[in-house]
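Structural features, examined
So you can see what is in the structure, the chains are spelled out below.
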Amino acid sequence: MAKASALSQRLPLEEKKALGIVLTGNFLEYFDLMLFSHLAFVVAPYFMPKTDPLVTKLLTILTFSSSFVIRPFAALFWGYIGDNFGRVVVLSYTTLIMAVTCFLIPNIPPYAEIGIYSTILIIGCRALQGFSSAGEAKGAEIFVAEIVPQFPKIFLASALVPITCDLGGLFATLLGSLCLSFSTEGWKVCFYIGAAIAFCSSISRKKLRETKDFLNYCRDKKQAKPTPVQRFFERRNFLALVGLNMICPTAFYFSYSFGSDLLKDTVGLSVNLILLNNSLLLLIEIVFLFMCARLAYRFDPFDILKVRTYLSFLLMPLTFLMLYIHTNHLTVFLTQLVVLLSTASFDPATPIVIRSFGIQTRFSRYSKAWACAKALMYLSTGYLTFYFHRWFGIWGILGLLMFFSTIFCISLYMFVPYDKMSEAYIRLKNKKGEKWTIPEDLAGSYKAVKQELSYLPSQLKKWVEK
């Protein structure tokens, strides 16, 4: 209990308030974003043509994916704003955009009234939500990683970001289930509630102060330049970060969209039971992320991710075999759960990943890698899943998940954390027959990193000082 409360004891009051405001806003932002994702099988038909089932299905996938397709453009925009004007500006205005879209969605007339314009408007609103969340999601992670400098407490603080995202999704499903139990159009009430709370969050975020890392960078930009070795690895780390982000969209789509369709069409569950099923998945994922963050107090976060990926190679085929033998609520739920937990995110290594990029381009590089991978995968995943399932059955979907899990595993080995860059650089040079030691321009930063992490637990300290 004492360890669990150490985070709040070490952080000054002002930083605790800032952390609370960011995490609360992150929860509300994802509550709004996930409303449509979890209610898509109810809301999407309201805006879609009902003449051709195939056209309806493809348009529904496009609506689901549209919020992610725009993210590379949003990442360029918000990355520039975040690196040049600050993290707080991004966090404030992204929430305001989300509030506006949540108010607009329930006021769009149905397809029966205005035809294809209804479909275009809902896709436009989803695209705006994706534009907003591209800045919000990465902005919150970077803000938390910079405002909580202590290791290993930063692993728990950073894990609170995806946990609040999942909590937002959890409350979205619970509220959706409650509202739909009263009326078939009860989903509209959910969006009005989401708009109201997002607007309040936008106001509260304007009171935040910028992180010390960003303010120090603004004061002396010359000293904030990355070291030569850091520049050497940044391109490699960028590609690895793209790979780390590729599995999550496929897993998310399978678990919450394709899985919901299975429960509805094959198992025959009602809408409310499907939403409760998804709520339970989110609750378990929240507990799992918290456990991973606590394990990072004692073990290398990258090793935790590798073990989790190895287990997925064993457990995913097993659950898909059970699903193939007998498709019922239990086998669908177990398959959804294994896919989610195997590919939840790259937490608890997120703060290490973020700090491995230089402060002057941290926001843009981190958000661009995430947005490019998510846009590509969310656009293609829905269609890939649809056609692979049509051609190969559930084994086609398993093949997709295993393929992207392999990319995730390779990317873990490709990524070089900041505190290992000097060692990795020397090792690469020695392979070429050159004898290298730590360069003089890196000696100071290398010693500073070791001093900063000197109070780590012995297991983690050995990992840093290898």
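Residues numbered from 1 in each chain as written. Predicted model: local features only at pLDDT ≥ 70, side-chain atom pairs only at ≥ 80, totals over all residues. Heavy atoms only, no water.

1. A look at the overall build of the protein
Scanning the protein from N- to C-terminus turns up 22 helices and zero strands. Each of the 466 residues in the protein was classed as buried or not, and the buried ones make up 59%. Across the protein, the fraction of contacts at a sequence separation of at least 24, relative to all contacts at a separation of at least 6, is 86%. In the form shown here, the protein has an accessible surface area of approximately 19,700 Å², with 68% of it arising from carbon and sulfur atoms. (Helix = DSSP H or I, 4+ residues; strand = E, 2+ residues; numbered from the N terminus. Buried < 20%, exposed > 50% of the residue type's maximum accessible area, 1.4 Å probe, protein only. Contact = heavy atoms within 4.5 Å. Areas by Shrake-Rupley, 256 points an atom, 1.4 Å probe, with all protein chains shown as cover.)

2. Brief notes about a nonpolar patch on the surface
Nonpolar side chains collect at one region of the surface, where V307, L311, L314, L315, L318 and M322 lie side by side and expose about 520 Å² of accessible area between them. On the secondary structure map, V307 appears in helix α15 (residues 301-325). Residue V307 is classed as partly exposed on the basis of its relative accessible area of 47%. (Patch = residues over 30% accessible without salt bridge, like charges linked within 9 Å, V, L, I, M, F, W, Y side chains within 5 Å. Salt bridge = Lys/Arg side-chain N within 4 Å of Asp/Glu carboxyl O.)

3. Details of the side chain of D166
Within the element layout of this structure, D166 appears in helix α9 (residues 153-182). Salt bridges are absent for the buried D166, whose nearest opposite-charge side chain, R308, sits at 9.9 Å. (Lys, Arg positive; Asp, Glu negative; His and termini not counted.)

4. Regarding helix α12 (residues 228-244)
In this model α12 runs 24 Å from its N-terminal to its C-terminal C-alpha over 17 residues, within 8% of the 24 Å that 1.5 Å per residue would give. For α12, the principal kink sits at E234 and spans about 35°. Considered for burial, the residues of α12 that qualify are V229, Q230, F233, E234, N237, A240, L241, V242, G243 and L244. (Expected span 1.5 Å × (residues − 1). Bend = angle between axes of the 7 residues up to and from the residue.)

5. A short note on helix α5 (residues 71-84)
If you check α5, its first and last C-alpha atoms are 19 Å apart, about what 14 residues at 1.5 Å a residue would give, namely 20 Å. What α5 keeps buried is the set R71, P72, A74, A75, W78, G79, I81, G82 and D83.

6. Concerning the packing of α15 against helix α16 (residues 329-342)
It is the contact of α15 with α16, at a shortest axis distance of 9 Å, that shows an interaxial angle of 165°. Of the possible angle classes, the one that applies to α15 and α16 is roughly antiparallel. By crossing handedness, the relation of α15 to α16 is classed as left-handed. Between α15 and α16, the residues in contact are R308, S312, L315, M316, T319, F320, M322 and L323 and T331, V332, L334, T335, V338, V339, L341 and S342, respectively. Within the contact of α15 with α16, the residues separate by chemical class into 10 nonpolar, five polar and one charged. (Axes fitted to C-alpha atoms, helices over the stretch in contact; angles between N-to-C directions. Parallel < 35°, antiparallel > 145°, perpendicular 65-115°, else oblique. Left-handed = near helix turned anticlockwise from the far one by under 90°. Nonpolar A, V, L, I, M, F, W, Y, C, P; charged D, E, K, R; others polar.)

7. Describing the packing of helix α6 (residues 87-104) against helix α10 (residues 187-205)
Contact geometry of α6 with α10 gives a least axis separation of 8 Å together with a crossing angle of 160°. Here α10 runs roughly antiparallel to α6, going by the angle between their axes. Judged by the sense of rotation from one axis to the other, the crossing of α6 with α10 is left-handed. Along its contact with α6, which presents V88, L91, S92, T94, T95, L96, A99, C102 and F103, the element α10 presents F191, Y192, G194, A195, A198, F199, S201, S202 and R205. Of the residues belonging to the contact of α6 with α10, the class tally is 11 nonpolar, six polar and one charged.

8. Quick word on the confidence of the model for the protein
Looking at the protein, the pLDDT average stands at 78 and 82% of residues meet or exceed 70. Confidence, expressed as mean pLDDT per element, reaches its minimum in the protein at helix α21 (residues 440-452) with 45 and its maximum at α15 with 91. Taken together, the stretch residues 1-9 has pLDDT below 50 and engages in eight contacts with residues farther than four places along the chain or on a different chain. For the stretch residues 438-461, pLDDT sits under 50, and the model shows 37 contacts to residues farther than four places along the chain or on other chains. (pLDDT = per-residue confidence, 0-100.)

9. A few points about the packing of aromatic side chains
Ring pairs (aromatic) are described by centroid distance and by the angle formed between their planes. Using the criterion set out here, one finds 18 aromatic pairs in the structure. Considering the side-chain rings of F77 and W78, the 4.9 Å spacing of their centres and the 75° angle between planes classify their relative orientation as edge-to-face. Since its relative accessible area comes to 4%, W78 is described here as buried. Pairing F388 with W391 gives two aromatic rings, centres 6.3 Å apart and planes at 40°, and the pair type is tilted. With F388 and W391 both in helix α18 (residues 362-392) and three residues apart, this pair spans about one turn of that helix. Against the face of Y297 rests R294, its NZ or CZ located 4.8 Å from the ring centre. K306 extends its terminal NZ or CZ atom over the ring of Y413, reaching a point 4.1 Å from the ring centre. (Phe/Tyr/Trp six-rings, centres within 6.5 Å; stacked < 30°, edge-to-face > 60°. Lys NZ or Arg CZ within 6 Å of the ring centre and 35° of its normal.)

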